[in-house]
Amino acid sequence: MARNTASTINDSAGVQELIPAIITPDVVATSARQEVFMPLARRLDLTGPGDDYAIPQAGALTFGSFTPAAAITPPTEQAFNTNARTLTPALRVCDVIVPINVIQSTQMSLQDLIVREAGLGLAQDHDAGFAALYTEAPASAPDHEIATGGALTYANSIVAGQALLWTQNAPKPFCLVVHPTYTPDLLVDELVVNASKIGTESIISRGTQNGGFLVKIIDCEVYQSDQIVSSTTYRCMMFSKNAALAYGFKRLQHPVTGDTQELLLDIDWNSANRAVEMNMTYWADWEGAKGTSTTTNTWLVEITK
Amino acid sequence: MADEPKTDGTTAVSGSPTQSEKQATGTGNDKPAVVPMDRFEGVVAERNREKDRVTALQKQLQDLTDQHKTDDEKRLDQLVTERYGPRLKRLDSLEQRLTTERDELVTKIPQEHRGMLVLNESVPIEDQIQQARSVISFLGQSKPGSFAGGGSPGNGGARTYTKEQFQMWQNLPTLGKLKEYDEQKAEMTAAYREKRIIGIT
């Protein structure tokens, strides 16, 4: 039977305790330190009844002139559409098994090792969900798929992407997430190299930071993530920060303790397998938060070489 | 103080209660210009008379305005003063007390944790106080500047936490508050192991 209590799995080591209540937030914290996309997206807590959640949409609203008269002609109404984009959370799971021989022989804190690996795995899964949304960049009217045709530079990526987003009334600021293999292009870009001269910290002097942040140039923050999808070429993404992409999640209630948490984590001793098992579950969905379909996210630009 | 001879042969009167002096300039006649005390007092008295006259005129204007008010306006003024005057005073007093209470609570929260509060006019003062109380409760604050180990009587100095406080700490990473999470991790882990979380262990 599953337990949700502390499990002392190696008394001789003294510190080999696996406490779900402690491990769970530690996994989430480790993940949060590594994630690139999550701080750039809208987080929506969808806990409660229901399976599908609409993100209301409207086109770029425009103001017009109005002349009061005896026979009033009301302005044309511009409606919000509640059915265009929806979030449908689905379960994501990861099970870890620690055999008895590993438990008996380890000289390190298993809890720390498990937390680190689980946190990194969770961060990758979160980022991969966002990176897969590159396909939502419109292919026409106007085309949001920029092919630089050479090195990815400030001039042919950031400026070009910003111009498209501005045209679409996309809320500022914007951000760009590139694959690490594209970072060298930016490192030799004149404007990035000389960023310190215009008051921005240099990547070279500061190094990269948690969350993949590289540099900020004229209201555009540049990040790197190895979860950028490789399909023919790397599909870098530029979008409105905290507006273009959405992450919806439902908290899960533990059937034994009754606690509700974003990440549900159980630890059991499986006597048949002679192993400690850790089962992690979360319930989430990633979607574009703008546009009228999965190929019309007008606040997103895809950049490739 | 004794009078001292000056370069031009005149005698300066220092500290005299009857005259006012101006300092000599660096150019021209270096003899200090002396304003007779009676002239000085005359000017001051004239200014005071003008000030009194302005005050009298303002009062006269107010009286004339009051005389020309309609009976309805006078009744309205009286009604407002009688009905709402005391209430407004009580409200002012209450707001002052709430503001003082909020400020006292905020001083109990270490500077690095005050970012958890929203203290501006968009938030009612009662909500600001509630926020501060929640943060203090969560941080286990027993005295200014200390956290984790403030202690409560009867349990050997180790602090106990409610289930809600523990869950709030668990949720800090999802709120992006990693610094606060790290700061409290050792204490919360110890509290869990030592069964100091009421309602969980």
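Residues numbered from 1 in each chain as written. Chains lettered and ligands numbered in written order. Predicted model: local features only at pLDDT ≥ 70, side-chain atom pairs only at ≥ 80, totals over all residues.

## Describing the overall build of chain B
Here is step 1: When its secondary structure is counted, chain B shows five helices and six strands.
Here is step 2: Element order for chain B, N to C, with α for helix and β for strand: β-β-β-β-α-α-α-β-α-α-β.
Here is step 3: By residue count, 12% of the 201 residues in chain B fall in the buried class.
Here is step 4: The contacts of chain B with a sequence gap of at least 6 include a subset with a gap of at least 24, amounting to 42%. (Helix = DSSP H or I, 4+ residues; strand = E, 2+ residues; numbered from the N terminus. Buried ≥ 20, exposed ≤ 12 C-beta atoms within 10 Å, placed from the backbone. Contact = placed C-beta atoms within 7 Å.)

## Section: the environment of A:Asp112
Here is step 1: Along the chain, the position of A:Asp112 falls in helix H3 (residues 110-131).
Here is step 2: For A:Asp112 and A:Leu18, which are 94 residues apart along the polypeptide, the C-alpha to C-alpha distance reads 9.4 Å.

## A word on the interface of chain A and chain B
Here is step 1: Between chain A and chain B, the residue contacts involve eleven residues of the former and nine residues of the latter.
Here is step 2: Across the side of chain A that touches chain B, the residue classes tally to eight nonpolar, one polar and two charged. (Nonpolar A, V, L, I, M, F, W, Y, C, P; charged D, E, K, R; others polar.)

## Brief notes about the packing of helix H1 (residues 20-34) of chain A against helix H5 (residues 178-193) of chain B
For any two helices packed against each other, one specifies the inter-axial angle together with the distance between the axes.
Here is step 1: Following both chains from N to C, one finds H1(A) and H5(B) inclined at 165 degrees, their axes separated by 11 Å at the closest point. Comparing the axis directions of H1(A) and H5(B) gives the class roughly antiparallel. Viewed along their axes, H1(A) and H5(B) form a crossing whose handedness is left-handed. Along its contact with H1(A), which presents A:Ala21, A:Ile22, A:Pro25, A:Ala29, A:Ala32 and A:Arg33, the element H5(B) presents B:Leu178, B:Tyr181, B:Thr189 and B:Tyr192.
Here is step 2: Class assignment of the residues belonging to the contact of H1(A) with H5(B) gives a composition of eight nonpolar, one polar and one charged. (Axes fitted to C-alpha atoms, helices over the stretch in contact; angles between N-to-C directions. Parallel < 35°, antiparallel > 145°, perpendicular 65-115°, else oblique. Left-handed = near helix turned anticlockwise from the far one by under 90°.)

## Quick word on unusual backbone geometry
Residues and elements named next belong to chain A.
Here is step 1: Between Ala141 and Pro142 the backbone carries a cis peptide bond, its omega angle lying at -10 degrees.
Here is step 2: If you trace the backbone, Pro142 turns up in the loop between H3 and strand E7 (145-147).
Here is step 3: Here the bond from Lys172 into Pro173 is cis, since omega is 5 degrees, no more than 30 degrees from zero.
Here is step 4: One can find Pro173 in the loop between helix H4 (154-167) and strand E8 (174-178).
Here is step 5: Phi is positive for Asn169, close to 60 degrees, though the residue is something other than glycine.
Here is step 6: Structurally, Asn169 can be placed in the loop between H4 and E8.
Here is step 7: Located in the positive-phi region is Arg274, a residue other than glycine, with phi close to 50 degrees.
Here is step 8: Tracing the chain through its elements places Arg274 in the loop between strand E17 (264-270) and strand E18 (275-288).

## Comments concerning H3(A)
Residues and elements named next belong to chain A.
Here is step 1: With 22 residues, H3 ought to run about 32 Å at 1.5 Å a step, and its terminal C-alpha atoms sit 31 Å apart, in line with that.
Here is step 2: Listing the buried residues of H3 in full gives Ile114, Val115, Ala118, Gly119, Leu122, Ala123, His126, Asp127, Gly129, Phe130 and Ala131.
Here is step 3: Taken together, the buried residues of H3 touch H1, strand E6 (90-99), strand E14 (245-250) and E18. (Expected span 1.5 Å × (residues − 1).)

## Looking at the pairing of E14(A)
Residue and element names in this part refer to chain A.
Here is step 1: When you tally the buried positions in E14, you get six out of six residues, the bulk of the element.
Here is step 2: Because side chains alternate across E14, one face comprises the buried residues Leu245, Tyr247 and Phe249, and the other comprises Ala246, Gly248 and Lys250, equally buried.
Here is step 3: In terms of strand pairing, strand E3 (residues 42-45) meets E14 through four bridges, oriented parallel. Residue Arg42 lies in a different strand from E14, and its bridge partner there is Ala246.
Here is step 4: The pairing of E14 with E18 spans six bridges and is antiparallel. Paired with Phe249 across the two strands is Ala284, which belongs to E18. (Pairing = 2+ DSSP bridges.)

## Remarks on the pairing of strand E9 (residues 213-217) of chain A
Here is step 1: Taken together, the four bridges between E9(A) and strand E10 (residues 220-224) of chain A define a ladder with antiparallel strand orientation. Note that in E10(A) the partner of A:Lys216 across the bridge is A:Glu221.

## A short note on the nonpolar core
Soluble, globular proteins show a tendency: their nonpolar side chains are buried together.
Residues and elements named next belong to chain A.
Here is step 1: Counting residues in hydrophobic clusters, the biggest one holds 79 residues, and the most contacted among them are Leu176, Val177, Cys236, Phe239, Leu245 and Val301.
Here is step 2: Among the elements that line this core, the one with the most residues is H3, at seven residues.
Here is step 3: For Leu245, the residues in contact, after removing those within four places along its chain, are Phe37, Ala41, Phe130, Leu133, Phe239, Gly288 and Ala289. (Core = buried A, V, L, I, M, F, W, Y, C linked by C-beta atoms within 7 Å.)

## What to know about the confidence of the model for chain B
Residues and elements named next belong to chain B.
Here is step 1: Averaged over all residues, the pLDDT of chain B equals 74, while 74% of them reach at least 70.
Here is step 2: Taken together, the stretch residues 141-156 has pLDDT below 50 and engages in 27 contacts with residues farther than four places along the chain or on a different chain.
Here is step 3: Predicted complex metrics record ipTM = 0.75 and pTM = 0.65. (pLDDT = per-residue confidence, 0-100.)

## Brief notes about the sheet that holds E7(A)
Residues and elements named next belong to chain A.
Here is step 1: Strand order in the open sheet formed by six strands is E7-E19-E13-E8-E10-E9, and the pairing between neighbours is mixed. In this open sheet, the two strands that pair with only one neighbour each are E7 and E9. Along the sheet, successive strands turn relative to each other by an average axial angle of 20 degrees, direction set aside.
Here is step 2: As judged from the four bridges shared by E8 and strand E13 (residues 236-240), these two strands associate in the antiparallel manner. Bridge pairing links Val177 to Met237 in E13.

## Points about the environment of A:Ile303
Residues and elements named next belong to chain A.
Here is step 1: On the secondary structure map, Ile303 appears in strand E19 (residues 300-304).
Here is step 2: Separated by 156 residues in the primary sequence, Ile303 and Ala147 have C-alpha atoms spaced 5.9 Å apart.
Here is step 3: Excluding residues within four positions of it along the chain, Ile303 makes contact with Ile146, Thr148, Leu152, Ser157, Gly161, Cys236 and Met238.

## Some words on the packing of helix H2 (residues 71-107) of chain B against helix H3 (residues 125-139) of chain B
All names here are of chain B.
Here is step 1: Where H2 meets H3, the axes come as close as 9 Å, and the angle between the chain directions of the two elements is 25 degrees. Compared by their axis directions, H2 and H3 come out roughly parallel. With respect to the hand of their crossing, H2 and H3 are arranged in left-handed fashion. Across from Glu95, Leu98, Thr99, Glu101, Arg102, Leu105 and Val106 in H2, the residues of H3 making contact are Ile125, Glu126, Gln128, Ile129, Ala132, Arg133 and Ile136.
Here is step 2: Looking at the contact of H2 with H3 residue by residue, the classes come out as seven nonpolar, two polar and five charged.

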